[in-house]
Amino acid sequence: MSSTTTTDIAANKDRFCNLLLATGRENINYVIEDLEALGFFEAPASVRNHFNFPGGLVQHSLNVYDAAMTLRQSMCQMRPDMEKYLSDESIAIAALLHDVCKADIYKRIRRKRKNEIGIWEEVEEYGVEYDRFPMGHGEKSVIMLLRSGLDLDDAEALAIRWHMGPWELAAQSIDQERNYRAAQQFSPLVPLIHTADTLAAQILERDTL
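Please read all numbers here as calculations on a predicted model, not as lab measurements. For every chain, the first residue of the written sequence is number 1, and numbering continues from 1 along that sequence. Given that the model is predicted, a residue must reach a pLDDT of at least 70 before its local features are reported, and side-chain atom pairs must reach 80 or more before they are shown or counted; all residues, however, enter totals for whole chains, interfaces and linings. Remark: hydrogens and water are excluded; side-chain values derive from all non-hydrogen atoms of the structure.

Moving on, we come to the overall build of the chain. Segments assigned H or I by DSSP are reported as helices when at least four residues long, segments assigned E as strands when at least two residues long, and all are numbered from the N terminus. Scanning the chain from terminus to terminus reveals eight helices and two strands. Along the chain, helices and strands appear, N-terminal first, in the series α-α-α-α-β-β-α-α-α-α. Against the compact-globule benchmark of 17 Å for 209 residues, the chain has a radius of gyration of 18 Å, which places it among compact chains. A principal-axis box enclosing the C-alpha atoms of the chain has dimensions of 60 × 40 × 35 Å. Throughout, exposure labels follow a simple rule: accessible area from a 1.4 Å probe, protein chains only, divided by the maximum for the residue type, with under 20% read as buried, over 50% as exposed, and the rest as partly exposed. The buried share among the 209 residues of the chain stands at 46%. Residue contacts follow a heavy-atom distance rule, with two residues in contact if any of their heavy atoms lie within 4.5 Å. Considering only contacts within the chain whose residues lie at least 6 apart along the sequence, 63% involve residues at least 24 apart. Just so you have it, the chain exposes about 11600 Å², and 50% of that area is on carbon and sulfur atoms. For this count, His and the chain ends are skipped, Lys and Arg are scored as positive, and Asp and Glu as negative. The atom standing in for a charge is NZ when the residue is Lys, CZ when it is Arg, CG when it is Asp and CD when it is Glu. If the 22 positive side-chain charges of the chain are averaged to one point and the 32 negative ones to another, these points end up 6 Å apart. Only C-alpha atoms enter the radius of gyration; for comparison, a globular chain is expected to reach 2.2 Å times N to the power 0.38, where N is the number of residues. Under the convention used here, a 1.4 Å probe and the Shrake-Rupley method define accessible areas, while residue burial counts only the protein chains that appear.

If you want it as structure tokens, here you go:
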């Protein structure tokens, strides 16, 4: 398990909040207040995979933002006509807030497991509880943000909803597959956020190669 410090958490929180406030979006203060109440800034990004340490969720969100902004710059150089569809504001909203659905699902648990020499010992790690608001993943993030009073445009809502890309598709669900494909065509923001999320989790957040 990786780790971070209280200083890192505070610095990441400040940067995260400042980037959101810079969008000038109405009610963004309420979004930040609600995330604070849910424990977003101290939560991990996962149980056993990327950034499974306190503060990992906000750090992952910032990584997705940085990856998305880098991709935007490259894409707009190659396709200048895309610039109007990939605003800094929409990227900040979609990238930083794509995983707010995770803010209230993690809890500390203790369990037994074997150590390196085969002896059972008690360890503390994260567990997951979905019973507070079992609404799925991307769609839960969208609903939480709307409840906080954030006025998402369609492209932002779709980018957050489908940030997991095809990994969010239910097996044999023709309806979901068609919605996902339509969302990709609706706005380049949708595949950009999915790609940034993948790059952050699978490359930027690797412990070792």
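The next point concerns the nonpolar core. In this structure, Phe-16, Phe-40, Leu-96 and Leu-97 are the most contacted members of the largest nonpolar core, which totals 52 residues. Elements supplying a minimum of two residues to this core: helix H1 (6-22), helix H2 (28-38), helix H3 (56-78), helix H4 (88-97), helix H5 (138-147), helix H6 (154-161), helix H7 (174-186) and helix H8 (189-204). Top contributing element to this core by residue count: H3, with eight residues. When residues no more than four places from it in sequence are discounted, the contact partners of Phe-16 are Leu-35, Phe-40, Phe-41, Val-58, Ser-61, Leu-62, Leu-96 and Leu-97. What makes a nonpolar core is a set of buried Ala, Val, Leu, Ile, Met, Phe, Trp, Tyr and Cys residues whose side-chain atoms join them at distances within 4.5 Å.

With that settled, consider the packing of aromatic side chains. Any pair of aromatic rings gets described here by the distance separating the centres and the angle formed by the planes. Pairing of aromatic rings covers Phe, Tyr and the six-membered ring of Trp, with a centre-to-centre limit of 6.5 Å; geometry is then stacked below 30 degrees between planes, edge-to-face above 60, and tilted otherwise. The tally for this structure, following the rule as stated, stands at six aromatic pairs. Seen from their ring centres, Phe-16 and Phe-40 are 5.2 Å apart, and the 40 degrees between their planes marks the pair as tilted. You can see Phe-16 sitting in helix H1 and its partner Phe-40 sitting in the loop between H2 and H3, a full 24 residues away along the chain. In this pair, the class of Phe-16 matches that of Phe-40, namely buried. Their ring planes at 90 degrees and their centres at 5.3 Å tell us that Phe-40 and Phe-41 sit as a pair that is edge-to-face.

The salt bridge definition used is simple: a Lys or Arg side-chain nitrogen within 4 Å of an Asp or Glu carboxyl oxygen. Overall, the coordinates contain 13 salt bridges when judged by the stated rule. Linking Glu-36 and Lys-13 is a salt bridge whose minimum nitrogen-to-oxygen distance equals 2.3 Å. In this pair, Glu-36 sits in helix H2 while Lys-13 sits in helix H1, placing the two residues 23 residues apart along the sequence. Linking Asp-81 and Arg-79 is a salt bridge whose minimum nitrogen-to-oxygen distance equals 2.7 Å. Overlapping salt bridges, with partners in common, bring together Arg-25, Glu-89 and Glu-156 in one network.

To continue, consider the environment of Trp-120. Along the chain, the position of Trp-120 falls in strand E2 (residues 120-128). Not counting the four nearest positions on each side in its chain, Trp-120 is found in contact with Lys-112, Arg-113 and Lys-114.

Here the focus is the pairing of E2. We treat two strands as partners when DSSP finds at least two bridges between them. In the sheet, strand E1 (residues 106-114) pairs with E2 via nine bridges, with the strands oriented antiparallel. Bridging from a neighbouring strand, Arg-108 pairs with Tyr-126 of E2. Counted between consecutive antiparallel strands, the loop separating E1 from E2 contains five residues, among which Gly-118 sits at a positive phi close to 85 degrees.

Like-charged residues within 9 Å of one another, or nonpolar side chains (Val, Leu, Ile, Met, Phe, Trp, Tyr) within 5 Å, are grouped into patches, provided each residue has over 30% relative accessible area and no salt bridge. A cluster of like negative charges, contributed by Glu-26, Asp-151, Asp-153 and Asp-154, occupies part of the molecular surface. Among the structural elements, Asp-151 can be located in the loop between H5 and H6.

For any two helices packed against each other, one specifies the crossing angle of their axes together with the interaxial distance. Look at H5 against H6: their axes get within 7 Å of each other, and the N-to-C directions meet at 140 degrees. In terms of orientation, H5 lies oblique with respect to H6. Between H5, through Gly-138, Glu-139, Ser-141, Val-142 and Leu-145, and H6, the contact on the second element is made entirely by Ala-157, Ile-160 and Arg-161. Under the scheme applied, nonpolar residues are Ala, Val, Leu, Ile, Met, Phe, Trp, Tyr, Cys and Pro; charged residues are Asp, Glu, Lys and Arg; polar residues are all the others, including Gly. Residue classes in the contact of H5 with H6 are distributed as four nonpolar, two polar and two charged. Every axis in this analysis is a line fitted to C-alpha atoms, fitted for helices over the stretch in contact. Angles between the N-to-C directions lie between 0 and 180 degrees. With respect to orientation, any angle under 35 degrees is reported as roughly parallel, any angle over 145 as roughly antiparallel, any angle of 65 to 115 as roughly perpendicular, and every other angle as oblique.

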